[in-house]
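Spelled out, the chains give:
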Amino acid sequence: MDLFEQANIEQQKDKLPLAVRMRPQTLDEFLGQNKIVGPGTLLRRAIENDTLTSIILWGPPGSGKTTLARIITKMTKAHFESLNAVLDGLKDIRRVIDAAKERQKYYQQKTVIFVDEIHRWSKNIQDALLPCVEEGLLTLIGATVENPMFTVNAAIRSRSRIFQLEALSTRDIITILKRALKDEDRGLGKLDVEVEPQALKHIAQVANGDARVALNALEFAVLTTPKNSNGKRYITLNIAEEAIQKRAVLYDRDGNQHYDCVSAWIKSMRGSDPDAALYWLARMIYSGEDPAFLARRLMVHAAEDVGLADPQALVIASSAAQAVERIGLPEGRIILAEATLYITLAPKSNSVKTAIDAALETVAKEPCGPVPLHLRDSHYQGASDLKHGVGYKYPHNYPGGWVKQQYLPDNLNNKVFYHPSDYGKEGKIKTAWQNRTKQSGK
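How each quantity is defined
- Residues numbered from 1 in each chain as written.
- Predicted model: local features only at pLDDT ≥ 70, side-chain atom pairs only at ≥ 80, totals over all residues.
- Heavy atoms only, no water.
- Axes fitted to C-alpha atoms, helices over the stretch in contact; angles between N-to-C directions.
- Helix = DSSP H or I, 4+ residues; strand = E, 2+ residues; numbered from the N terminus.
- Parallel < 35°, antiparallel > 145°, perpendicular 65-115°, else oblique.
- Left-handed = near helix turned anticlockwise from the far one by under 90°.
- Contact = heavy atoms within 4.5 Å.
- Pairing = 2+ DSSP bridges.
- Right-handed = clockwise from strand over helix to strand, strands pointing away.
- Expected span 1.5 Å × (residues − 1).
- Buried < 20%, exposed > 50% of the residue type's maximum accessible area, 1.4 Å probe, protein only.
- Arc of directions from axis to C-beta.
- Salt bridge = Lys/Arg side-chain N within 4 Å of Asp/Glu carboxyl O.
- Polar contact = N/O pair within 3.5 Å; in protein donor to acceptor, adjacent residues only side chain to side chain.
- Nonpolar A, V, L, I, M, F, W, Y, C, P; charged D, E, K, R; others polar.
- Core = buried A, V, L, I, M, F, W, Y, C linked by side-chain atoms within 4.5 Å.

*Asks:* What is the right way to read the packing of helix α12 (residues 211–223) against helix α13 (residues 237–244) from this model?
*Replies:* Packed helix pairs are specified by the crossing angle of their axes together with the interaxial distance, meaning the distance between the axes. Orientation of α12 relative to α13, taken along the N-to-C sense of each, is 120 degrees, at an axis distance of 9 Å. By the criterion of interaxial angle, the relationship of α12 to α13 is oblique. Every pair of crossing elements has a handedness; the one defined by α12 and α13 is right-handed. Of the residues in α13, those in contact with V213, A217, F220 and A221 of α12 are I239, A243 and I244.

Given below as structure tokens:
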């Protein structure tokens, strides 16, 4: 069924899934994306003024990409076409292009084409749209769950604005669920349903930002729960767990459990306990923690607690963050686990953190002495008259690429911030440094 055939939807709305019936009909009903379609935003103005140019909507499943496209259909005077990159190909694109040319020639009407899952089209198929988008024959609305910088042709991207939709917050999804429970026309309002707050929260949290998942679970729970003696359907936490096929775990993404689990995870990695580190990671993933947050913490921990004992740890963590952004969950769990294990098993050193904190403390408390003359910039006119750069020793002119000279301000000369550990790669770095300075007579 074409999602944009509104008349057909109206005729069969009672038979449609709750997630379809409860799709927002206006921008004011559209939740969770105020940054891109809130009052006064560029995209909202373009939609309301019917001056939309080609755009790419990038966001996780259930964040509202298709819903926003449907809202645009109601607000534009242009003819609207919809394609799905999984089902449609070059033949369908040519059909849309031919019809758009006729429409423009005889009726001077623009054509907007919505392409769902545009990342699934090959480069050649995407290229077929390019001339028509460039000439203005078609206004493209592409929807993708994958980073368009990697999956959409550069030529298409350069002619489109990219808008990133965020996963809906738990609060937004609870609002959507409550709206569905009250709505007697499109929702479940006629069924006299009462849902325990914990049950509603569990569904919203497990949905992990996907409104479609949450609404489908709520509908399943309601329709499979018999009425009690008072004619009411009462949804408990146990029923919610069955409906969404996931046990409730004591975890609050915005509260103490969030911080406690993260702390336990980090301390397990710092303590080099791979089993504990994996357990806390699994608990957070299972409970719907944001994988991007977990990836950021891995990068911090790699620098803070591994540091130069194994510089590769930060590279692994950074690569994991990039990979998780592109792939998402559930596959991203493997990448997060690999990075967690690498960092957990790596030799540990906090000398980098200690060094930069000591340097910052000195900057904050000690007088900021002038830059020594021989270190000052000597490339501008008149610098030599001020003796800038005079006496500077170029290290590459000396054996081993090192020579003793003063680099700190006079008031901090011989101050030491960095104390390398003896562990892992840093131990070798320390030995090499000591040998070099001894040979040079420091």
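Next comes the rest of the account.
*Asks:* Would you mind going over the pairing of strand β2 (residues 79–84) with me for this structure?
*Replies:* Side chains on a regular strand alternate between the two faces of the sheet. Relative to strand β3 (residues 111–116), β2 is paired through six bridges, and the arrangement is parallel. Residue pairing across strands places H79 opposite T111, the latter belonging to β3. With helix α6 (residues 90–107) bridging β2 and the parallel β3, this β-α-β connection has right-handed handedness.

*Asks:* What am I meant to see in helix α19 (residues 351–365) here?
*Replies:* One turn of the α-helix equals 3.6 residues, which is why residues spaced by three or four share an orientation. In a regular helix each residue adds 1.5 Å, so 15 residues correspond to 21 Å; α19 covers 21 Å between its end C-alpha atoms and thus fits that length. Residues of α19 that are buried include every one of S351, A355, A359 and T362, and no others. Buried residues of α19 fall within an arc of 70 degrees about the axis and therefore sit on the same side. With respect to the buried face of α19, the exposed residues turned more than 90 degrees away are L360, A364 and K365.

*Asks:* Please explain the environment of Q245 as it appears in this structure.
*Replies:* Along the chain, Q245 falls in the loop between α13 and α14 (256–270). Each C-alpha atom of the pair Q245 and V206 lies 9.4 Å from the other, and the pair is 39 residues apart in sequence.

*Asks:* Quick question: what am I supposed to make of the pattern of salt bridges here?
*Replies:* Opposite charge on two side chains permits pairing when their charged atoms draw close. Evaluated as defined, the whole model comprises 16 salt bridges. The shortest N-O distance in the salt bridge between E29 and R186 comes to 3.5 Å. With E29 in the loop between α2 (18–21) and α3 (34–37) and R186 in the loop between α10 (170–182) and β6 (193–195), the pair connects residues that are 157 residues apart, well separated along the chain. E29 gets classed as partly exposed once you look at its relative accessible area, which sits at 23%. A salt bridge links D127 to K123; the nearest nitrogen and oxygen atoms lie 3.2 Å apart. A residue pair is termed a helical-turn pair when its members lie 3 or 4 positions apart in one helix, as D127 and K123 do in helix α7 (residues 123–135) at four residues. On the basis of relative accessible area, K123 is assigned to the exposed category, the value being 53%. Salt bridges sharing partners connect three or more residues here, namely D28, R44 and E48.

*Asks:* Please explain helix α15 (residues 274–286) as it appears in this structure.
*Replies:* For α15, built from 13 residues, the straight-helix expectation of 18 Å at 1.5 Å per residue is met to within 8% by its first-to-last C-alpha distance of 18 Å. Taken together, the buried positions of α15 are occupied by A277, L281, M284 and I285. Mapping the buried residues of α15 onto a view down its axis gives an arc of 100 degrees, with all of them on the same face. Sitting at the head of α15, D273 places a side-chain oxygen 3.2 Å from the backbone nitrogen of D275.

*Asks:* Please explain the packing of helix α17 (residues 312–327) against helix α18 (residues 332–345) as it appears in this structure.
*Replies:* At a minimum axis separation of 9 Å, α17 and α18 run at an interaxial angle of 170 degrees. One way to sum up the angle between α17 and α18 is to call them roughly antiparallel. Mapping the contact onto sequence places Q312, A313, I316, A317, A320, A323, V324 and I327 in α17 and G332, I335, L336, A339, Y342 and I343 in α18. The residue inventory of the contact of α17 with α18, partitioned by class, reads twelve nonpolar, two polar and no charged.

*Asks:* I keep staring at the sheet that holds strand β5 (residues 161–164) and nothing clicks. Help me out?
*Replies:* Within a sheet, adjacent strands bond to each other through the backbone by hydrogen bonds, running parallel or antiparallel. With parallel pairing, five strands are arranged side by side in an open sheet as β2-β3-β4-β1-β5. Two strands lie at the open edges of the sheet, namely β2 and β5, each paired on one side alone. For this sheet the average axis-to-axis angle between neighbouring strands, irrespective of direction, equals 15 degrees. Where α7 meets the sheet, its contacts fall on β3 and β4 (138–144), and the angle it forms with β4 comes to roughly 135 degrees.

*Asks:* Honestly, the pairing of β4 in this entry has me stumped. Any pointers?
*Replies:* Most of β4 sits inside the fold, with seven of its seven residues counted as buried. Here strand β1 (residues 55–58) pairs with β4 via four bridges, running parallel. Looking at β4, one finds that W58 is bridged to T144. Relative to β4, β3 is paired through six bridges, and the arrangement is parallel. Paired with V112 across the strands is T139, a residue of β4. Since β3 and β4 lie parallel, the crossover through α7 that links them has a hand, and here it is right-handed.

*Asks:* Would you mind going over the side chain of T144 with me for this structure?
*Replies:* In this fold, T144 is placed in strand β4. The exposure class assigned to T144 is buried, which follows from its relative accessible area of 1%. Within the local environment of T144, its side chain forms a polar contact with the side chain of H119, the two groups lying 2.9 Å apart. Of the polar contacts made by the side chain of T144, one reaches the backbone nitrogen of E146; its length is 3.0 Å. Excluding anything up to four places from it in sequence, T144 contacts I56, L57, W58, G59, K65, I118, H119 and T151.

*Asks:* I tried to follow the nonpolar core on my own but got confused; where do I start?
*Replies:* Buried together is how nonpolar side chains tend to be arranged in soluble globular proteins. Counting residues in each nonpolar core, the largest one holds 30 residues, and the members touching the most others are I173, L177, L181, V195, I203, L215 and L218. Elements with a contribution of two residues or more to this core: α2, α10, β6, α11 (197–206), α12 and α13. Beyond its immediate stretch of four places on either side in the chain, L218 contacts L177, L181, L188, V195 and I203. If you look at the next biggest cluster of nonpolar residues, it comprises 26 residues, including F293, L294, A313 and A346.

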